[in-house]
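Observations on the model geometry
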Amino acid sequence: MSTVLESIIDGVREDLANRQAKVTQTQLEALIRDVAPALPAATNLRNATFSVISEVKRSSPSKGHLADITSPQSLASQYAEGGAAVVSVLTEERRFSGTLADLDIVRTHIDIPILRKDFMVTEYQILESRAHGADVILLIVAGLDQTQLRDFNDVALGLGMSVLVEIHDEAELDRAMDIEPALLGVNARNLKTLEVDLAVCQRLIPMIPKEIVAVAESGIATIDDVIMLARGGADAILVGEALVRGGGPSETVREWNQAGTEERNTDGVR
């Protein structure tokens, strides 16, 4: 029986084949030449005391429908107004109800870095991300072999992009360190079972070298969670569900960013 991650990736490959039939890799490379250079997301995150990465997210495999988000550009603008360092845009269609069109329209409305949040399984998707204006991609260690992880990272860096490398356990941390990441995300959600446990972040983040930006992902629902994670060494958090469901996204981003910054300036470890 396949895991949730494997099932998602199977769907990603099918949808990808449809896009590849319409736009060739050569065409993507031509489009990239006309796109503005990628914004320095990794540098920005490294230079900040604490950061919030805010997500445009309609659905999830674990919770189903979260929010309609008829205007992703409006939501992204509210995130930016609240001080988000990066806006993450889900583009996976089947489980997350996202599209590349969401990325396109968000890009035209904000001037801060954008993370294309999807499941990267081919070099084509990385070129596609840059062609659509993304500044950052996500590489999920659990979904890639070591050669893919290294090669995809090299392709993204070669395009001037930043890379958020995502891990879930100690073995994946070892694999991630092999490519010397600038940004390392610890996902509290087990992508095989969808269970969430913030203790995963508390356990793994202190193991991350301080020169690497440690990003806590998933299951962050309250300002107390933010304070706990910042105290445990998180340099940034990636939040979607709590922002799209809670109302007042700009205010929430501002409050959580301030709380995390204050904690990192005082008691935060690493």
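Details of the structure are given in the entry above.
What comes next is a walk through the structure. Here the structure is a predicted model, which means the values were calculated and not measured. (Residues numbered from 1 in each chain as written. Predicted model: local features only at pLDDT ≥ 70, side-chain atom pairs only at ≥ 80, totals over all residues. Heavy atoms only, no water.)

1. A look at the side chain of arginine 189
Let me state the cut-off plainly: Only DSSP runs of H or I covering at least 4 residues are called helices, and only runs of E covering at least 2 are called strands; the numbering of each starts at the N terminus. Relative accessibility thresholds used throughout: buried, under 20% of the residue-type maximum; exposed, over 50%; partly exposed, between the two (1.4 Å probe, protein chains only). In summary, the charge assignment counts Lys and Arg as positive and Asp and Glu as negative, without counting His or the chain termini. Each salt bridge in this description consists of a side-chain nitrogen of Lys or Arg and a carboxyl oxygen of Asp or Glu lying within 4 Å of one another. Any pair of N or O atoms that falls within 3.5 Å is considered a polar contact. Within protein, one atom must be able to donate a hydrogen and the other to accept it, and sequence-neighbouring residues count only if both atoms are side-chain atoms. Whether two residues touch is decided by their heavy atoms; if any such pair falls within 4.5 Å, the residues are in contact.
Along the chain, arginine 189 turns up in the loop between strand 8 (183-187) and helix 9 (199-204). Glutamate 241 provides the closest opposite charge to the buried, unpaired arginine 189, separated from it by 4.8 Å. Here the side chain of arginine 189 touches leucine 194 through a polar contact of 3.2 Å, landing on its backbone oxygen. Not counting the four nearest positions on each side in its chain, arginine 189 is found in contact with Ser62, His168, Leu194, Glu195, Val196 and Ser218.

2. Re unusual backbone geometry
Phi angles above zero are rare outside glycine, and leucine 194 is one such case at about 75°. Classification of leucine 194 by relative accessible area gives buried; the value is 18%. Phi is positive for serine 218, which is not a glycine, with a value near 75°. Within the fold, serine 218 resides in the loop between strand 9 (213-217) and helix 10 (223-231). Residue serine 218 is classed as buried on the basis of its relative accessible area, which comes to 18%.

3. Regarding helix 12 (residues 249-266)
To keep it simple, the criterion reads: Expected span of a helix, by definition, is 1.5 Å for each gap between consecutive residues, and there is one gap fewer than residues.
For helix 12, which comprises 18 residues, the first-to-last C-alpha distance of 26 Å matches the rise-based estimate of 26 Å (1.5 Å per residue) to within 8%. Of all the residues in helix 12, the buried ones are Pro249, Ser250, Thr252, Val253, Trp256, Asn257, Ala259, Gly260, Glu263 and Arg264. On its buried side, helix 12 packs onto strand 1 (51-56), helix 4 (72-81), helix 10, strand 10 (236-239) and helix 11 (241-246).

4. As for the environment of leucine 183
Tracing the chain through its elements places leucine 183 in strand 8. The exposure class assigned to leucine 183 is buried, which follows from its relative accessible area of 3%. Considered as a pair, leucine 183 and arginine 58 are 125 residues apart in the sequence and their alpha carbons are 25 Å apart. The residues touching leucine 183, leaving out its near neighbours within four places in the chain, are Ala42, Leu45, Ser162, Val163, Leu164, Val165, Ile212 and Val213.

5. A look at the pairing of strand 8
To keep it simple, the criterion reads: When DSSP finds two or more bridges between two strands, those strands count as paired. Whether a crossover is right-handed comes down to one check: with the strands pointing away from the viewer, does the path from the first strand over the helix to the second run clockwise; if it does, it is right-handed.
With 5 of 5 residues buried, strand 8 is to be regarded as a mostly interior element. Residues Leu183, Gly185 and Asn187 point to one face of strand 8 and Leu184 and Val186 to the other, with burial holding for every one of them. Alignment of strand 7 (residues 162-167) against strand 8, held across 4 bridges, turns out to be parallel. Opposite glutamate 166, over in strand 8, you have glycine 185 as the bridge partner. Of the crossover connections in this fold, the one passing from strand 7 over helix 8 (residues 170-177) to the parallel strand 8 is right-handed. Pairing of strand 8 with strand 9 involves 5 bridges; the strand directions are parallel. Across the sheet, the residue bridging to glycine 185 is valine 215, located in strand 9. Taken together, strand 8, helix 9 and strand 9 constitute a β-α-β crossover, and its handedness is right-handed.

Note that every value here comes from positions in space, so none of it alone points to a role or purpose.
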